[in-house]
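Topology and contacts: notes
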Amino acid sequence: MSSSPSTGKLWGGRFSSDTDELVKLLNNSLPFDGRMWRQDIRGSIAHATMLGETGIIPSDDAIVICKGLAEIEAGLSEGSLTLDPEQEDIHAAVEASLREKIGLVAGKLHTARSRNDQVATDLRLYLRDALGDVLTVVTSLQETMLARASEETDTILPGCTHLQHGQPVLLAHHLLAYFWMFQRDRERLEIVRTRVNRLPLGAGAMAGTTFPINRQRVAELLKFDCVIENSMDAVADRDFAIEFLSAASILMVHLSRLAEEIIIWNSPEYGFVALDDSVTTGSSIMPQKKNPDVAELARGKTGRVFGNLMALLTVMKGLPLTYNKDMQEDKEPIFDTLDILLTLLPPFTKMIATAKFQRDRMKSSLKGDFSTATDLADLLVRQGMPFRDAHHVIGTIVKRCEENQILLEEMTPTQLSEFSPLFANEPDYMATVEMSVGARKAEGGTAAEAVLSQLEKARSILSS
C-alpha cells in the first residue's frame, strides 16, 4: 500500500483532500502506540522474511527490506534515529522511515497484511514481552514474602476477622497467606501469556489474503505457539487484553489488602511494624510524620487498574465484527496498567523486605483479648460436649471475665469448673496463646510444624 501523492497517507488514494487538523489530532495514535516500535519492526521482519521465502515478493527485495528494518531498529535503540511525529501511528512511522532508507521497495512490505492484523500482532508481542517482566517482579515479591515468613516462625500476633481479635496466629502464617495469593496471581498471568501468544498476522483486514502466505512460518519466527484460526476473530477481539487487565486487577486487590494491613500496623495505635526511611516520606508541616506512601500508593493505584479494566470492557462490549476504530482505545489501559505494576512492585517489595516487625508489641496486644476462647470450647468438645453447648458456656465465661476484669488466660481449671465440671478433667490446662497456636497442627494450620511444612511447599514452588 503506497502513500497518496495528495495526502501522504498509507490510505490516501481514495481521498482528494487532506484530513482536518483537529481530526488528525484525534485520530493519531503515535504518541502512545509509538512504544511498540520494537514489536512492529520485529513483526515486519518476520513478515518480510516469509514473503521472500514463499516468493510472494522477490527474495532480494525481502533481504533489502529486512536489512533496512534492522538498521532502523538499531538507530532507534541507540538514539541516532527518531520517528516522524507527523505519522498517524507506529506502523506508518516505521514504514515511512523504511521508505526513506531503501526507497520504493519499502512499499512491498505491506503485501498480504493489513494494519488490522499488524496492530493485533504488535500488541500481543508487546504484552508478551511485558508479561515476562511482570512475572519477574511478582516472583521477587513472593521470594521476599517467603524470606520474611521464614524469619517469623515463632512470632505470635492476633489473627482477626472484622478487624476484631479472633485467634492467635504465627506472623509467618499471616505473611504466607499473601504468598499464596501472589502465587495464584502468577499462575493467572502465566495463563494469560499462553493466550496472548497466538499469532493474528495473516488475517489481513478481516477475511484473510489471496496470497499464498505461510502463517506457521511467521509464528515460528516470532515464537508464537500457534496461529489464530479465524481471520475475523484474529482482528476483532481483545479478550487477551481484557484477561490481562482482569488478572492485573486481582493482583492489585491483593497488593491493596496487604498495603492496608501495613498502613494499619504502622499506625501508633497498633505499632506492629516500623517502616524503613527509604520507603516513607515526611510532612511539609508536621516534622514528626513518617508516612507509609508506598503502601498508600498501592492502595490508590488499584482504582486506576480497575478503571482500565472497566474502560476496555466498555470499549469492546458493543462492537460489531470486525475491527472498529474504537479499538484504538485498547492500548492506553494496557500500557498504563503495565507501567503501574512495573513501577509499583519493586518499591512495594522493598517495603516488605525492610519492614521491622515489632514482635513484643504483637504479643502484648494478645493479652486479655479472649482470642483463646475457641480453644476452651474445643476442650469441652473433646470431653463430649456438643460444640453449640460449649460455645454458650465459653461465652458465659467471657462475659464474667469482662464484668470482673479478669483475664481469660489467667482462669484456673478450678475457676473454670464453676461453669462446667468437664474442666476438672484437665487440671493442668491453661488457655495460653502459645498453646492455642501450637494446637493447630492440621495441614494449612498455624502451628509451627504446619507452617514449616507450608514454607517447604512454597520454596519448592518458587524453585520449580
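Quick caveat, the model's predicted, so the values are computed rather than measured.

With respect to the overall build of the protein
- A count of helical and extended segments in the protein gives 18 helices and six strands.
- Here the C-alpha atoms of the protein give a radius of gyration of 31 Å, more than 25% beyond the 23 Å that 2.2 N^0.38 yields for 464 residues.
- Principal-axis analysis of the C-alpha atoms places the extent of the protein at approximately 100 × 55 × 40 Å.
- Looking at the 464 residues of the protein, the share that counts as buried comes to 50%.
- Taking all contacts inside the protein whose residues are at least 6 apart in sequence as the whole, residues at least 24 apart take part in 76%.
- Element-wise, carbon and sulfur atoms account for 53% of the exposed surface of the protein, whose accessible area totals about 22,100 Å².
- The average position of the 48 basic charges and that of the 64 acidic charges among the side chains of the protein differ by 1 Å.

As for the pairing of strand β2 (residues 164-170)
- As defined by bridge partners, strand β1 (residues 156-161) adjoins β2 across six bridges and the pair is classed as antiparallel. Across the sheet, residue Cys160 finds its bridge partner in β2, namely His165.

What about the pattern of salt bridges?
- Taken as a whole and assessed by the stated rule, the structure comprises 24 salt bridges.
- For Glu88, the salt bridge is made with Arg115, and the minimal N-O distance between the two is 3.6 Å. One end of the pair, Glu88, is in the loop between α4 (59-78) and α5 (90-102); the other, Arg115, is in helix α6 (residues 115-151), and 27 residues separate them in sequence.
- In this structure Arg115 comes out as partly exposed when scored by relative accessible area, which is 23%.
- Between Glu434 and Lys363 there is a salt bridge, and its shortest N-O distance comes to 2.5 Å. You can see Glu434 sitting in helix α17 (residues 433-439) and its partner Lys363 sitting in helix α13 (residues 359-364), a full 71 residues away along the chain.

A few points about the packing of aromatic side chains
- Throughout the structure, instances matching the rule amount to six aromatic pairs.
- Between Tyr270 and Phe272, the ring centres sit 5.2 Å apart and the planes meet at 80°, which makes this aromatic pair edge-to-face.
- A relative accessible area of 23% means that Tyr270 is categorised as partly exposed.
- Feature note: the residues Trp265, Tyr270, Phe272 and Phe357 constitute an aromatic cluster, connected by ring pairs.
- In this structure, Arg124 is placed above the aromatic ring of Phe240, and the distance from its NZ or CZ to the ring centre is 4.0 Å.
- Above the face of the Phe224 ring, Arg128 is positioned so that its terminal group lies 5.1 Å from the ring centre.

Things to note about the packing of helix α3 (residues 37-54) against α5
- For the pair α3 and α5, the least separation of the axes is 10 Å and the interaxial angle reads 65°. In the crossing of α3 with α5, the sense of the turn from one axis to the other is right-handed. Facing α3, whose interface residues are Trp37, Asp40 and Ile41, α5 presents Ile90, His91 and Val94.
- The class makeup of the residues in the contact of α3 with α5 is four nonpolar, one polar and one charged.

Focus on the nonpolar core
- Core analysis: the biggest nonpolar cluster contains 109 residues, and Met145, Leu189, Phe244, Leu255, Trp265, Phe348 and Met351 have the highest contact counts within it.
- Per-element accounting of this core gives the leading share, 16 residues, to helix α10 (residues 239-266).
- Leave out the neighbours within four places in its chain, and Leu189 touches Leu131, Val134, Leu135, Val138, Phe244, Ala247 and Leu251.
- Membership of the second largest hydrophobic core comes to 20 residues, among which are Leu376, Ala377, Ile394 and Phe423.

Side note on α4
- Over its 20 residues, α4 runs 29 Å from end to end, which matches the ideal 28 Å to within 8%, given 1.5 Å per residue.
- Regarding α4, the residues found buried are Asp61, Ala62, Ile65, Cys66, Gly68, Leu69, Ile72, Gly75 and Leu76.
- Those residues of α4 hidden inside the fold are in contact with α3 and α5.
- Positive backbone phi, at 90°, marks Gly79, one or two positions downstream of α4.

Remarks on the confidence of the model for the protein
- Summary statistics for the protein give a mean pLDDT of 94 and a share of 97% for residues scoring 70 or more.
- Predicted confidence for residues 1-7 stays below pLDDT 50, and this span has 18 contacts to residues more than four positions away or in other chains.

Here we look at the packing of α6 against helix α7 (residues 171-196)
- Where α6 contacts α7, the two axes come as close as 9 Å, and the packing angle between them is 165°. Comparing the axis directions of α6 and α7 gives the class roughly antiparallel. As α6 runs across α7, the sense of the crossing is left-handed.
- Taken together, the residues of the contact of α6 with α7 sort by class into 18 nonpolar, four polar and seven charged.

What about unusual backbone geometry?
- Residue Leu321 is joined to Thr322 through a cis peptide bond whose omega torsion reads 10°.
- Phi at Phe370 is positive, roughly 65°, even though this residue is not glycine.
- Structurally, Phe370 can be placed in the loop between α13 and α14 (373-382).

Notes on the side chain of Gln454
- Its place among the elements puts Gln454 in helix α18 (residues 448-463).
- Beyond its immediate chain neighbours, meaning those up to four positions away, Gln454 contacts His173, Leu176, Trp180 and Gly445.

Let's talk about the environment of Ile191
- Structurally, the position occupied by Ile191 is in helix α7.
- Placed 52 residues apart in sequence, Ile191 and Glu243 show a C-alpha to C-alpha distance of 9.5 Å.

Overview of a nonpolar patch on the surface
- Together, Met206, Met232 and Leu321 give the surface a local cluster of nonpolar side chains, amounting to about 280 Å² of exposed area.
- For Leu321, the position within the fold is in the loop between α11 (293-316) and α12 (331-354).

Here we look at the side chain of Asp375
- Within the secondary structure, Asp375 sits in helix α14.
- Not counting residues within four places of it along the chain, the set of residues in contact with Asp375 comprises Tyr429, Met435, Ser436 and Arg440.

Thoughts on the environment of Arg359
- Considering the arrangement of structural elements, one finds Arg359 in helix α13.
- On the basis of relative accessible area, Arg359 is assigned to the partly exposed category, the value being 41%.
- Spatially, the C-alpha atom of Arg359 lies 19 Å from that of Phe370, the residues being eleven residues apart in sequence.

Reading guide: rules and limits
Residues numbered from 1 in each chain as written. Predicted model: local features only at pLDDT ≥ 70, side-chain atom pairs only at ≥ 80, totals over all residues. Heavy atoms only, no water. Helix = DSSP H or I, 4+ residues; strand = E, 2+ residues; numbered from the N terminus. Rg over C-alpha atoms; globule rule 2.2 N^0.38 Å. Buried < 20%, exposed > 50% of the residue type's maximum accessible area, 1.4 Å probe, protein only. Contact = heavy atoms within 4.5 Å. Areas by Shrake-Rupley, 256 points an atom, 1.4 Å probe, with all protein chains shown as cover. Lys, Arg positive; Asp, Glu negative; His and termini not counted. Charge placed at Lys NZ, Arg CZ, Asp CG, Glu CD. Pairing = 2+ DSSP bridges. Salt bridge = Lys/Arg side-chain N within 4 Å of Asp/Glu carboxyl O. Phe/Tyr/Trp six-rings, centres within 6.5 Å; stacked < 30°, edge-to-face > 60°. Lys NZ or Arg CZ within 6 Å of the ring centre and 35° of its normal. Axes fitted to C-alpha atoms, helices over the stretch in contact; angles between N-to-C directions. Left-handed = near helix turned anticlockwise from the far one by under 90°. Nonpolar A, V, L, I, M, F, W, Y, C, P; charged D, E, K, R; others polar. Core = buried A, V, L, I, M, F, W, Y, C linked by side-chain atoms within 4.5 Å. Expected span 1.5 Å × (residues − 1). pLDDT = per-residue confidence, 0-100. Parallel < 35°, antiparallel > 145°, perpendicular 65-115°, else oblique. Patch = residues over 30% accessible without salt bridge, like charges linked within 9 Å, V, L, I, M, F, W, Y side chains within 5 Å.

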